[in-house]
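Each chain, letter by letter, is given below.
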Amino acid sequence: MSPIIKWTDQFKLGIEEMDDQHFELITRINRLIIAHDNDENRDSIESLLTFLKSYVVEHFGAEEHLQRQYHYAGYEEHRKEHFEFVKLVAEFEHAFKKTADCSVNGDCKDLLYKINEKLVDWLSKHIDQSDRLVAEHIKKVLTPISKHG
Ligand SMILES: [Fe+2]
């Protein structure tokens, strides 16, 4: 089974900025597997990994900014989760540099599939649980209070 993740409504939280960035994040995670399956060279896969890492940092920064803007109470805790993910991506980037063989069945493949599984797993849970709470909070703040209760 292909580990490519399909973007579905289950990822949508109803806050456009978050949804757009989550879509981009998933696209970049998928690109790693696609590049490997297309037998691209290790430099291009490594740059995709670096590209992914920089996007993760950028996206988390934007999301944390939203949380501060809307005075989200779970901010510190959420930030710690982000930090863990950045660490994970950096560890994978490091491990990738140590792989010897990036041909179709080389050790790169095992690592990339493992990276994919871990990142997808983490991200799906994080979006579904932690980010959903943030989105619900923002929506609540943005909803005008009804005069009729
Ligand atoms: Fe988040």
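Residues numbered from 1 in each chain as written. Predicted model: local features only at pLDDT ≥ 70, side-chain atom pairs only at ≥ 80, totals over all residues.

1. Notes on the overall build of the protein
The criterion, for reference: We count a stretch as a helix when DSSP gives it H or I for four or more residues in a row; a strand needs E for two or more, and each element gets its number in order from the N terminus. Counting other C-beta atoms within 10 Å of a residue's own tells you its class, since 20 or more makes it buried, 12 or fewer makes it exposed, and anything in between is partly exposed; those C-beta atoms are placed from the backbone. Contacts here follow a simple rule: the backbone-placed C-beta atoms of the two residues must lie within 7 Å.
When its secondary structure is counted, the protein shows four helices and zero strands. Reading the helices (α) and strands (β) of the protein from amino to carboxyl end gives α-α-α-α. Viewed in the frame of its principal axes, the protein has a C-alpha envelope of about 65 × 30 × 20 Å. Every one of the 149 residues in the protein was classed for burial, and the buried ones make up 19%. Considering only contacts in the protein between residues 6 or more positions apart, those separated by 24 or more positions represent 70%.

2. Concerning the environment of histidine 59
With respect to the helices and strands, the residue histidine 59 is situated in helix α2 (residues 42-69). Between the alpha carbons of histidine 59 and isoleucine 15 there is a distance of 14 Å; along the sequence they are 44 residues apart. Beyond its immediate stretch of four places on either side in the chain, histidine 59 contacts Gln21 and Leu25.

3. Brief notes about the packing of α2 against helix α3 (residues 75-98)
Note the cut-off: Whenever a helix is involved, its axis is fitted only over the stretch in contact; in every case the axis is a line through C-alpha atoms, and angles between N-to-C directions fall within 0 to 180 degrees. Orientation labels follow simple angle bins: below 35 degrees gives roughly parallel, above 145 gives roughly antiparallel, 65 to 115 gives roughly perpendicular, and whatever is left gives oblique.
Relative to each other, α2 and α3 sit at 175°, their axes nearing to 10 Å. On the basis of the axis angle, α2 is roughly antiparallel to α3. From α2, Glu46, Leu49, Thr50, Leu52, Lys53, Val56, Val57, Phe60, Glu64, Gln67 and Arg68 reach across to α3, where they touch Tyr75, His78, Arg79, His82, Phe85, Val86, Val89, Ala90, Phe92, Glu93 and Phe96.

4. Re unusual backbone geometry
The phi torsion of most residues other than glycine is negative, and most of the peptide bonds are trans. One non-glycine residue with positive phi stands out, namely aspartate 39, at about 60°. Relative to the elements of secondary structure, aspartate 39 occurs in the loop between α1 (16-37) and α2. Overall, aspartate 39 belongs to the exposed group, with 9 C-beta atoms counted inside 10 Å.

5. Here's the deal with the nonpolar core
Basically, it comes down to this: Think of a nonpolar core as buried Ala, Val, Leu, Ile, Met, Phe, Trp, Tyr and Cys residues, each tied to the set through C-beta atoms within 7 Å.
Ile29, Leu32, Ile45, Leu48, Leu49 and Leu52 are the most contacted members of the largest nonpolar core, which totals 18 residues. Top element by residues in this core is α1. It accounts for six residues. Apart from residues no more than four positions distant in its own chain, leucine 48 is found in contact with Arg31, Leu32 and Ala35.

6. Comments concerning α3
Here is the rule we go by: The length a helix should cover is 1.5 Å for every residue beyond the first.
Helix length check: α3 (24 residues) gives 35 Å between terminal C-alpha atoms against 34 Å at 1.5 Å per residue, within 8%. Listing the buried residues of α3 in full gives His78, Val89, Phe92 and Phe96. Where α3 is buried, its residues meet α2 and α4 (107-142).

7. Points about α4
Its 36 residues give α4 an end-to-end C-alpha distance of 49 Å, which sits within 8% of 52 Å, the value for a rise of 1.5 Å per residue. Within α4, the full set of buried residues consists of Leu112, Ile115, Leu119, Ile127, Asp131, Val134 and Ile138. Tucked inside the fold, the buried residues of α4 contact α1, α2 and α3.

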